[in-house]
Amino acid sequence: MKYPFRPLARSLPPVFFAFSLCCLPAAPASPAGGWAFTDVTATAGLGSAQHGLEFGFFGEPDMMSGGTAAADIDGDGDQDLLVVRGDLHPVALYRNRSDGTFEETAAELGLAIVGGIPSGAAFADLDGNGAPDLLLGGVNKTEPRLYMNDGTGHFTNATGTSGLGADGRDTFSAAFADIDHDGDLDIFLTHWWRGGGGKGHLWKNLGNGAFQDIGLTAGFAEALRNVDYSFTPNFADIDSDGWPDLLLAADFNTSRTFRNQQDGTFAETTDEAVLTDQNGMGAAVGDYDNDGDLDWFISSIWDPNGVSEGNWGTTGNRLYKNRGDGSFEDVTEASGVRIGYWGWGSCMTDLDNDGHLDIFHVNGFWPLPAAEFYHDPARLFVSNGNGTFTERAAELGLDSTEQGRGIACFDYDRDGDIDLFIQNNTGFGRLFRNDLATGAHHLTVRLRQPGANSAAVGARVYVTTAAGTQMRELAAGNNFLSSNPIEAHFGLGAATAITELKIRWPDGEVETRTGVAIDQALTIVRGQGPPPPPPPGPAVIEVPALGPAGLGLLALGLAALAARRLAARRG
């Protein structure tokens, strides 16, 4: 049923790879049981979501490129999907038809993007008109590009006046947050650039469509000046003080944490004894243990033979548990999420609606220099509800062994569960529909508020049922090259009622609601109470079924009543 929204330095010589333009894979048979994923790429209209490079690869940035992003670009309540396609094809924007299918509309909506190699895509409302704007990164000297949404789903190229630039460096991922509480969203960009430099990372929104590079003065000069292998930034309030901090997944043992100083600057707080991921690439943030603070997952490299044939690490993914004060402890081994192969795009979301966040990420790299990672499988770590996970991707039909780079985790058909789109570095992307038939309940919340941060990025939503309280923080940005919609999805399991829904808005104001129905997608507008209940319909009196004797007595009674009324009129 559909629920609509309501009011290295791996130095390599140039390498050429020929791309196989084979047909889309057939949908696999669904595994038995109440939960499976089904490949619906072709039937959903995404058969043209193909990525590739016309002249092959000329270095690692090409091998790592790609991108996808999901957002409701036109405000109709359904999530649309943007897919970058290298330089073989222009960027594609698939508009959701609201019937489980998409149509490609990029050119007619102002996104006829050609030239260079776009890589990395993210949506966020940067001018406060209530509609998500588009930021694209790029590789091979392709500068960042910004396209502004006019509020109807039509875009205009605003790159020239934005001030954004990368000085010829590659730009992979982006994150957005109101770092200084001035009401609008600022930007952090990652570059994975051997030369370092420190600049071009943190961009302050000036409120007039332009951005200013403040990275060198905001606390990132020392951390990124000489070594910059940054891949995935996540703004997250890790110490619960109401200000967005920065978690930076980065390659070659250089992942970092930065605490917001509440004055427009950040202080590095990296604990190198804890942050031991050797090749931080993708990342996801969420409260996996439902203790009220934000934890951090990083996809890295796990080498099956335990031997590094190149200059990569071998020890796999990391899950960092928040101690409650913004510091972390490594719980990778105890949680069971280490074995992920050559990981990239990642997300933390409740895929089976049981009230506990699961972890999904894609994998893969190219035969030169890493042949053993060429057909890496995607990984789905399903929460056991006790802080541990069980890997179940193949069992549930997620049979992706292509060159996955980006992922979008979103409910494209609005049936209450999260579906998965995988963007591959070469060949076709794949959309896996989540077919969840367990009867678990759910709630999706989207926030709206006046001002420049219209989607309330940075707000927290707390949902309480008889089973306990869950928390989601609304985030905007990449999980590596790709991004999810800015909304909060809650699996409610067997709970049939919501005791309380609480919102901590970005400025700290708290709003509480009761009587919120389950199994719906709900938009909450700040300052507006819940919609009034529908007017009561006509009273209905239920009459029990009567047998022949009962019908006879009813007829006699009605006849007697009619006789009395007739006598009264004559008298």
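Just so it is clear, the structure is predicted and the values come from calculations on it, not from any experiment.

Overview of the overall build of the chain
Scanning the chain from N- to C-terminus turns up six helices and 39 strands. When burial is assessed residue by residue, the chain has 58% of its 571 residues classed as buried. Accessible surface computed for the chain: about 21300 Å², of which carbon and sulfur atoms make up 56%.

With respect to the sheet that holds strand β37 (residues 500-504)
Read from one edge of the open sheet, four strands run β33-β32-β37-β38, paired in antiparallel fashion. In this open sheet, the two strands that pair with only one neighbour each are β33 (468-473) and β38 (510-513). Across the sheet, the mean angle from the axis of one strand to that of its neighbour is 15 degrees, orientation sign disregarded. Bridge count for strand β32 (residues 460-465) against β33 is six bridges, and the pairing is antiparallel. Of the residues in β33, the one forming a bridge with threonine 464 is threonine 469.

As for the pairing of strand β24 (residues 358-363)
A large share of β24 lies buried, amounting to six of its six residues. Neither face of β24 is exposed, since Asp358, Phe360 and Val362 on one face and Ile359, His361 and Asn363 on the opposite face are all buried. Sheet topology places strand β23 (residues 343-349) next to β24; five bridges connect them, and they run antiparallel. By the bridge assignment for β24, serine 346 is matched with histidine 361.

Description of the pattern of salt bridges
Note that side chains of opposite charge can pair when their charged atoms are close. All told, the structure shown has 25 salt bridges when counted by the stated rule. Between arginine 513 and glutamate 511 there is a salt bridge; the shortest N-O distance is 3.2 Å. Residue arginine 513 shares its accessibility class with glutamate 511, and that shared class is buried. Through salt bridges with shared partners, a single ionic network connects Asp39, Asp399, Glu402 and Arg430.

Examining the packing of aromatic side chains
Remark: the centre distance and the inter-plane angle together describe each pair of aromatic rings, the angle taken between the planes. All chains considered together, the criterion is met by 26 aromatic pairs. Arranged with centres 5.4 Å apart and planes meeting at 40 degrees, the rings of phenylalanine 220 and phenylalanine 266 form a pair that is tilted. On the criterion of sequence distance, the pair formed by phenylalanine 220 in the loop between β14 (211-213) and α3 (221-224) and phenylalanine 266 in strand β18 (residues 266-268) is long-range, its members being 46 residues apart. In textbook terms, an aromatic cluster arises when at least three aromatic residues are bridged by ring pairs, as seen for Phe172, Trp192, Tyr229, Phe231, Phe252, Trp312, Trp342, Trp344, Phe365, Phe373 and Phe480. Sitting over the ring of tyrosine 462, lysine 502 keeps its end group 5.0 Å from the ring centre.

Brief notes about the sheet that holds strand β1 (residues 35-39)
Pairing in this open sheet of four strands is antiparallel, and the strands run β1-β30-β28-β27 from one edge to the other. The sheet is open, and its two borders are formed by β1 and β27 (404-410), each paired with just one other strand. Strand-to-strand, the axes of this sheet are offset by a mean angle of 20 degrees, without reference to chain direction. As defined by bridge partners, β27 adjoins strand β28 (residues 419-424) across six bridges and the pair is classed as antiparallel. Bridge assignment links cysteine 409 to a residue of β28, and that residue is leucine 420.

Details of unusual backbone geometry
In the Ramachandran plot, asparagine 140 falls in the positive-phi region, its phi being about 55 degrees despite a non-glycine side chain. Turning to its location among the elements, asparagine 140 is positioned in the loop between β8 (133-139) and β9 (145-149). Positive phi outside glycine occurs at glutamine 262, with the angle close to 65 degrees. Within the secondary structure, glutamine 262 is located in the loop between β17 (256-260) and β18.

Thoughts on the environment of glutamate 60
Among the secondary structure elements, glutamate 60 is positioned in helix α1 (residues 60-64). Sequence separation between glutamate 60 and proline 369 is 309 residues, and the spatial gap between their C-alpha atoms is 9.8 Å.

Overview of the confidence of the model for the chain
Note: predicted coordinates in regions of low pLDDT should not be interpreted at a detailed level. Per-residue confidence for the chain gives a mean pLDDT of 89; residues scoring 70 or more make up 87%. Below a pLDDT of 50 lies the segment residues 1-32, which in the model reaches 94 contacts outside its immediate sequence neighbourhood of four places, other chains included. Confidence drops under pLDDT 50 across residues 538-546; counting only partners more than four residues distant or on other chains, this segment forms two contacts.

Definitions and cut-offs
- Residues numbered from 1 in each chain as written.
- Predicted model: local features only at pLDDT ≥ 70, side-chain atom pairs only at ≥ 80, totals over all residues.
- Heavy atoms only, no water.
- Helix = DSSP H or I, 4+ residues; strand = E, 2+ residues; numbered from the N terminus.
- Buried < 20%, exposed > 50% of the residue type's maximum accessible area, 1.4 Å probe, protein only.
- Areas by Shrake-Rupley, 256 points an atom, 1.4 Å probe, with all protein chains shown as cover.
- Pairing = 2+ DSSP bridges.
- Axes fitted to C-alpha atoms, helices over the stretch in contact; angles between N-to-C directions.
- Salt bridge = Lys/Arg side-chain N within 4 Å of Asp/Glu carboxyl O.
- Phe/Tyr/Trp six-rings, centres within 6.5 Å; stacked < 30°, edge-to-face > 60°.
- Lys NZ or Arg CZ within 6 Å of the ring centre and 35° of its normal.
- pLDDT = per-residue confidence, 0-100.
- Contact = heavy atoms within 4.5 Å.

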